[in-house]
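Results of the structural survey
In case you want the letters, here they are:
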Amino acid sequence: MDLEFLTQIIMIIGIDIILGGDNAIVIALACRNLPVAKRNKAIVLGTALAIIVRVCLTIMAVTLLMIPYLQLIGGLFLLYIAYNLLTEEGDDMNKIRGGTTTFQAVRTIVLADIVMGFDNVLAVAGASGGKIILVIFGLLISIPIIIWGSKIILKIMERFPVVIYIGAAILALTAGKMIANEERIKPLLETIHYSNYIIPSFAIMFVLLAGWLKKTSTKNA
């Protein structure tokens with residue numbers, strides 16, 4: 001296993017840990033009105049269907065990112081997602097309706113995952129470098145994270161805010177690599193020495209600094 005492959009695996013796991021947190025809350029809220037006996041069934045079925053849908057969407061995203069300039073556009077959008085991770089005040093999760101039947105709960109889980117999981121899909125597609133096996137591996141890793149680990153991770157984030165900055169840095173690194181790997185601008189980037197390292201490093205510094213300045217200005221307002 002080469003260093004690049006190992007780095008991609010670590011990045012995908014990191015992305016799943018950071019961006020998978022909200023999914024556990026969605027699952028809990030979607031199933032809160034079900035009888036206890038039906039909750040586990042709805043959680044397992046809803047999560048399984050959501051993962052299958054997400055695998056399909058991520059494979060589509062990997063394919064789409066091969067279209068000219070979409071790596072650049074995707075990288076810039078991922079920078080925006082990383083910035084939002086640092087500056088967002090949090091969504092009103094209570095707006096998610098709890099289902100009264102297993103079907104309703106499963107439908108809510110899948111639909112919410114499609115809407116909320118776009119950042120995860122784009123980030124994993126970028127971090128995978130076009131390797132479908134890494135996409136599938138990353139999403140399989142996300143299953144236990146979503147079902148068992150996300151609430152713990154959310155509590156860690158609340159207690160140690162620096163973890164959020166680490167997550168934003170991982171996303172910014174992925175965005176920088178996507179931009180640097182855009183085929184249409186590679187001739188331009190080749191004129192810059194070590195551009196493959198400079199662009200991801202600049203992306204990390206930009207996101208962390210912009211996010212910190214935004215949070216600081218909000219607190220002082």
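Residues numbered from 1 in each chain as written. Predicted model: local features only at pLDDT ≥ 70, side-chain atom pairs only at ≥ 80, totals over all residues. Heavy atoms only, no water.

The helix and strand inventory of the chain stands at ten helices and zero strands. Ordered by position from N to C terminus, the α and β elements of the chain give α-α-α-α-α-α-α-α-α-α. Buried residues in the chain amount to 43% of all 221 residues. For the chain, restricting intrachain contacts to residue pairs at least 6 apart in sequence, the fraction spanning at least 24 positions comes to 87%. When the accessible area of the chain is evaluated, it comes to approximately 12,500 Å², of which 69% is carbon and sulfur surface. (Helix = DSSP H or I, 4+ residues; strand = E, 2+ residues; numbered from the N terminus. Buried < 20%, exposed > 50% of the residue type's maximum accessible area, 1.4 Å probe, protein only. Contact = heavy atoms within 4.5 Å. Areas by Shrake-Rupley, 256 points an atom, 1.4 Å probe, with all protein chains shown as cover.)

Attention shifts here to a nonpolar patch on the surface. A contiguous nonpolar patch, built from Ile156, Phe160, Val162 and Ile166 and spanning about 370 Å² of accessible area, is present on the exposed surface. Given a relative accessible area of 48%, Ile166 falls into the partly exposed group. (Patch = residues over 30% accessible without salt bridge, like charges linked within 9 Å, V, L, I, M, F, W, Y side chains within 5 Å. Salt bridge = Lys/Arg side-chain N within 4 Å of Asp/Glu carboxyl O.)

Turning to the packing of helix H4 (residues 70-87) against helix H8 (residues 162-180), a few remarks are in order. At their nearest, the axes of H4 and H8 sit 8 Å apart, and the two run at 170° to each other. One way to sum up the angle between H4 and H8 is to call them roughly antiparallel. Across from Gln71, Leu72, Gly74, Gly75, Leu76, Leu78, Leu79, Ile81, Ala82, Leu85 and Leu86 in H4, the residues of H8 making contact are Ile164, Tyr165, Gly167, Ala168, Leu171, Ala172, Thr174, Ala175, Met178 and Ile179. Of the residues in the contact of H4 with H8, the class split is 16 nonpolar, five polar and no charged. (Axes fitted to C-alpha atoms, helices over the stretch in contact; angles between N-to-C directions. Parallel < 35°, antiparallel > 145°, perpendicular 65-115°, else oblique. Nonpolar A, V, L, I, M, F, W, Y, C, P; charged D, E, K, R; others polar.)

One broad rule of soluble globular proteins: the nonpolar side chains tend to lie buried together. Grouped together as the largest cluster of nonpolar side chains are 33 residues, with contacts concentrated most on Ile15, Leu78, Leu79, Leu122, Leu171 and Val207. Elements with a contribution of two residues or more to this core: helix H1 (3-19), helix H3 (36-64), H4, helix H6 (118-128), helix H7 (132-159), H8 and helix H10 (195-220). When residues of this core are assigned to their parent elements, the largest contribution, seven residues, is made by H8. Among the nonpolar cores identified, the runner-up in size contains five residues, and Leu34, Ala105, Val106 and Val110 belong to it. (Core = buried A, V, L, I, M, F, W, Y, C linked by side-chain atoms within 4.5 Å.)

A few words on the environment of Lys131. Structurally, Lys131 is set in the loop between H6 and H7. Along the backbone, Lys131 and Ile59 are 72 residues apart, and their C-alpha atoms lie at a distance of 9.2 Å. With residues up to four places along the chain from it excluded, the contact list for Lys131 reads Glu4, Phe5 and Gln8.

Per the counting criterion, the structure on display carries two aromatic pairs. Considering the side-chain rings of Phe202 and Phe206, the 6.3 Å spacing of their centres and the 20° angle between planes classify their relative orientation as stacked. Within this pair, Phe202 and its partner Phe206 are both found in helix H10, separated by four residues, close to a single helical turn. (Phe/Tyr/Trp six-rings, centres within 6.5 Å; stacked < 30°, edge-to-face > 60°.)

With that settled, consider the layout of surface pockets. Taken as a whole, the second largest pocket spans an internal volume of roughly 760 Å³. When its residues are assigned to classes, the lining of the second largest pocket shows 15 nonpolar, ten polar and seven charged. (1 Å grid on protein atoms, 1.4 Å probe; cavity = no way out; pocket = protein on both sides within 12 Å on 5 of 7 lines; lining within 4 Å. Points joined across faces, edges and corners; volume = space filled by probe spheres on them.)

This part covers the packing of H8 against H10. Direction vectors running N to C along H8 and H10 enclose 140°, while the axes themselves pass 8 Å from each other. With respect to H10, the element H8 is oriented oblique. Crossing hand, H8 versus H10: right-handed. On the side of H8, the interface is formed by Tyr165, Ala168, Ala169, Ala172, Leu173, Gly176, Lys177, Ile179 and Ala180, while H10 contributes Asn196, Ile199, Pro200, Ala203, Ile204, Val207, Leu208, Trp212 and Lys215. (Left-handed = near helix turned anticlockwise from the far one by under 90°.)

What follows deals with the confidence of the model for the chain. Mean pLDDT over the chain works out to 75, with 74% of the residues at or above the 70 mark. H10 holds the highest mean pLDDT among the elements of the chain, 88, whereas helix H2 (residues 21-30) holds the lowest, 61. (pLDDT = per-residue confidence, 0-100.)

It is worth spelling out the side chain of Ser195 at this point. Note that Ser195 resides in helix H10. On the basis of relative accessible area, Ser195 is assigned to the buried category, the value being 9%. If we ignore the near neighbours within four places in the chain, the residues touching Ser195 are Leu189 and Pro200.

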